[in-house]
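As a plain string of letters, each chain reads:
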Amino acid sequence: MTIDSSKTQTPATDLRPIRRALLSVTDKTGLVDFARSLASFGVDLVSTGGTAKALREAGLKIRDISDLTGFPEMLDGRVKTLHPRVHGGILHIRNNPDHVAAVNEHEIEPIDMVVVNLYAFEKTSQKLGVAFAEVIENIDIGGPSMVRSAAKNFDDVAIVTATADYPTLMEELTANQGSLTRATRWSLAKAAFATTAAYDAGIATALESITEPTGPATFAQDTFPSILRIIDPLANTLRYGENPHQKAALYIDGSGKGVASGKQLQGKELSYNNIVDLDACWELVSEFDPADAAVVIIKHTNPCGASTGSTVVEAYRRALEADPVSAFGGVIGINREVDAEAAEEIAKLFVEAIVAPSFTLAALERFAAKKNLRLIAITSAETPRILKQVSGGLLVQDADLRRVTEAELKIVTERHPTSEEMRALLFSWSVCKHVKSNAIVYARFNNGHGQTVGIGAGQMSRVDAARFGAMKAVLPLAGTVAASDAFFPFADGLETVAQAGATAVIQPGGSVRDAEVIEAANRLKVAMVFTGVRHFRHG
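Small disclaimer: the values here were computed from a predicted structure and weren't measured.

When you go through the protein chain residue by residue, the secondary structure sums to 19 helices and 25 strands. Taken against the 2.2 N^0.38 rule, which gives 24 Å for 539 residues, the C-alpha radius of gyration of the protein chain at 30 Å runs more than 25% over that of a compact globule. Expressed as a percentage of its 539 residues, the buried residues of the protein chain come to 47%. A separation of at least 24 residues holds for 58% of the contacts in the protein chain among residues at least 6 apart in sequence. For the protein chain, the exposed area adds up to about 25900 Å²; of that, 53% sits on carbon and sulfur atoms. The distance from the centre of the 54 positive side-chain charges to the centre of the 63 negative ones in the protein chain is 3 Å.

This next bit is on the side chain of aspartate 514. Topologically, aspartate 514 is positioned in helix H19 (residues 514–523). Salt bridges are absent for the buried aspartate 514, whose nearest opposite-charge side chain, lysine 410, sits at 7.8 Å. In this structure the side chain of aspartate 514 is engaged in a polar contact, spanning 2.7 Å, whose partner is the backbone nitrogen of glycine 510. In contact with aspartate 514, other than residues within four places in its own chain, are Gly509 and Phe530.

Here the focus is the domain arrangement of the protein chain. Interfaces are frequently sized by the accessible area removed from exposure as the parts join. Segmentation of the protein chain into domains returns domain 1 (15–212), domain 2 (265–377) and domain 3 (406–530). On a C-alpha basis, the centroid separation for the pair domain 1 and domain 2 is 47 Å.

It is worth spelling out the sheet that holds strand S5 (residues 113–117) at this point. Spatially, the five strands line up as an open sheet ordered S4-S3-S2-S5-S6, and their pairing is parallel. Only two strands of the sheet have a single neighbouring strand rather than two, namely strand S4 (63–64) and strand S6 (158–160). Where strand S2 (residues 20–25) lies against S5, five bridges are found, and the strand directions are parallel. By the bridge assignment for S5, leucine 22 is matched with valine 114.

In this section: a nonpolar patch on the surface. On the surface, a cluster of nonpolar side chains totalling about 340 Å² of accessible area is made up of Leu228, Ile230, Leu387 and Leu394. One can find leucine 228 in the loop between strand S9 (218–219) and strand S10 (234–238). Residue leucine 228 is classed as partly exposed on the basis of its relative accessible area of 40%.

Another aspect to go through is the pairing of strand S21 (residues 440–446). Most of S21 sits out of view: five of its seven residues are buried. By the bridge criterion, seven bridges tie S21 to strand S22 (residues 449–456) in an arrangement that is antiparallel. When the bridges of S22 are listed, phenylalanine 445 appears paired with glycine 450. Between S21 and S22, which pair antiparallel in sequence order, lie two residues; one of them, asparagine 447, sits at a positive phi of approximately 50 degrees. Pairing between S21 and strand S23 (residues 480–484): four bridges, direction antiparallel. By the bridge assignment, valine 441 is partnered in S23 with alanine 483.

Here we take up helix H2 (residues 49–57). Working note: α-helix, 3.6 residues per turn, so residues spaced by three or four point in the same direction. When we look at burial in H2, the residues that qualify are Thr51, Ala52 and Leu55. All buried residues of H2 project into a common sector of 95 degrees when viewed along the axis, lining one side. When the buried face of H2 is taken as reference, the exposed residues oriented beyond 90 degrees from it are Lys53 and Glu57. Looking at the buried positions of H2, the neighbouring elements they touch are S2, helix H1 (31–40), strand S3 (44–47) and S4. The positive-phi residue at the C-terminal boundary of H2 is glycine 59, with phi of around 90 degrees.

A separate point is the packing of aromatic side chains. Following the criterion strictly, the structure yields five aromatic pairs and no others. Taking 4.5 Å as the distance between ring centres and 0 degrees as the angle between the ring planes, the aromatic pair formed by phenylalanine 34 and tyrosine 166 counts as stacked. Linking phenylalanine 34 in helix H1 with tyrosine 166 in helix H9 (residues 166–175), this pair joins segments that are 132 residues apart in sequence. Its guanidinium or amino end placed over the ring of phenylalanine 224, arginine 385 lies 4.1 Å from that ring's centre, counting from NZ or CZ.

What follows deals with the state of the cysteines. Enumeration over the complete set of coordinates arrives at zero disulfides. Left without a disulfide partner, cysteine 281 is nearest to the cysteine sulfur of cysteine 304, which lies 8.8 Å away. Just so you know, cysteine 432 is unpaired, no disulfide at all, and the nearest cysteine sulfur is the one on cysteine 304, 16 Å from it.

With respect to burial, strand S14 (residues 302–309) is a largely interior element, eight of its eight residues being buried. As paired elements, strand S13 (residues 293–299) and S14 share seven bridges and run antiparallel to each other. Paired with alanine 293 across the strands is glycine 309, a residue of S14. Hairpin remark: S13 followed by S14, antiparallel, with two residues in the connecting loop; positive phi at histidine 300, about 55 degrees.

Inspection of the entire model under this criterion finds 25 salt bridges. Across the pair arginine 374 and glutamate 352 runs a salt bridge whose closest N-O atoms are separated by 2.8 Å. Remark: glutamate 352 occurs in the loop between helix H14 (340–346) and strand S16 (353–356) and arginine 374 occurs in strand S17 (residues 374–377); sequence separation between them is 22 residues. For arginine 374, a relative accessible area of 2% translates into the label buried. Measuring nitrogen to oxygen at the nearest pair gives 2.7 Å for the salt bridge that ties aspartate 485 to arginine 462. On the criterion of sequence distance, the pair formed by aspartate 485 in the loop between S23 and helix H18 (491–500) and arginine 462 in helix H17 (residues 462–472) is long-range, its members being 23 residues apart. Given a relative accessible area of 0%, aspartate 485 falls into the buried group. Assessed through its relative accessible area of 7%, arginine 462 is described here as buried. If you follow the salt bridges from partner to partner, you end up with Arg20, Asp44, Arg63 and Glu109 in one network.

About the thresholds
- Residues numbered from 1 in each chain as written.
- Predicted model: local features only at pLDDT ≥ 70, side-chain atom pairs only at ≥ 80, totals over all residues.
- Heavy atoms only, no water.
- Helix = DSSP H or I, 4+ residues; strand = E, 2+ residues; numbered from the N terminus.
- Rg over C-alpha atoms; globule rule 2.2 N^0.38 Å.
- Buried < 20%, exposed > 50% of the residue type's maximum accessible area, 1.4 Å probe, protein only.
- Contact = heavy atoms within 4.5 Å.
- Areas by Shrake-Rupley, 256 points an atom, 1.4 Å probe, with all protein chains shown as cover.
- Lys, Arg positive; Asp, Glu negative; His and termini not counted.
- Charge placed at Lys NZ, Arg CZ, Asp CG, Glu CD.
- Salt bridge = Lys/Arg side-chain N within 4 Å of Asp/Glu carboxyl O.
- Polar contact = N/O pair within 3.5 Å; in protein donor to acceptor, adjacent residues only side chain to side chain.
- Domains from an automatic or database assignment.
- Pairing = 2+ DSSP bridges.
- Patch = residues over 30% accessible without salt bridge, like charges linked within 9 Å, V, L, I, M, F, W, Y side chains within 5 Å.
- Arc of directions from axis to C-beta.
- Phe/Tyr/Trp six-rings, centres within 6.5 Å; stacked < 30°, edge-to-face > 60°.
- Lys NZ or Arg CZ within 6 Å of the ring centre and 35° of its normal.
- Disulfide = S-S within 2.5 Å.

Printed below as a string of structure tokens:
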């Protein structure tokens, strides 16, 4: 919620004084200071359970909810605010004579502010080995009921659901002698309904996936929900989308991980395209074991260079060497902390953004001279499912997290790959997985590390992808290996990569013409392995 606390000149009819506030929160961040601010305006503070205890311990005068309702909290706290004296106090319309007469008749005290945040259901339900009974007990009933009542009656009542709003509200209360404007109450109400919507969506999604409602909660991992619920808060609006005439915004999933929640350390505001490229960068560079430094340079979501090395600077030089022209204006992903030596080398090239787990102080000092360069520190996160909007709906699929090992590969040719070719094949396969289909990746393995040589991306024909990858190569193609993201439908694709200089090939297999392709590989003395796994990437 955004409140403009500078608007102190407000019509008197627009203001509502806060005389009584009901506070019942799970997250007690900033609570004491906010309650003290309310008390300074003479607000009668009513509270429940642990909230009341925390406020009393801070020296505040608090009325128990049971004093307001005339009824004790009961059923282990399940019933404490579900009472006419609570909801009548919140919901009655102050300028409706019938409402006023009813609350007076039943001696119901008006409640002008409700401060509530809800049981941490999602956090609880995601705990390893959590008991089903604990999941159920963390479904808040009274909290959402009060939130909805207060939000519905925003003309008379302020509903506060976010601890981050406390400081701004305190400023406005001070500016208006203990009152809040209608605009503020309306903003709070909209945020409150969004809060309960997200809360209920989280409960529905979690419960739907529980397979057995007894003992430890068992969650099904391979099912799709009957209703897809996406309740991600807005992080910020972007300057524009893929093109200047398109509007765009970034929403976050609340995990605090991944590119969307990366910490920007310097540079211009991230654009839509920057974020897309950074995500592609991070996905690919995360394929590699951090035991090896890995660097990926991305342009328009496709890698133009990728390499591993003993150090970040070595991996960067090798990735840049693969296609220095395309790297200009690209985005770089690095799987290790970026040090000063790497920063010194990278600073020689114009790049839009760099994503890495962290940057040394010396690296940040070197990059500081490039004020527009965006530096993003990221906490890694795997995306379990991918969503794509189509006209009239959404496509949902599991993320392509499948990796193959050498033991899974099937050698189908008379000549077997050498150990160096095998390592190069596995490296090229990891890169090929992140190249738009049809994709062919030429790579090599020397001095103990992998390096791309030529990348053929997004071609309508696999033969064209093989030719384009060879055309893009600035390093020698002789002795390279080639990866194909899907099978060769004809022998011509295999023949093209062999003619370019590849001596070994990795591909899924599975074509009705596999025998023809294998025969061509044997004739050309090319080693070939099948993965049994396809990696189409349609974007």
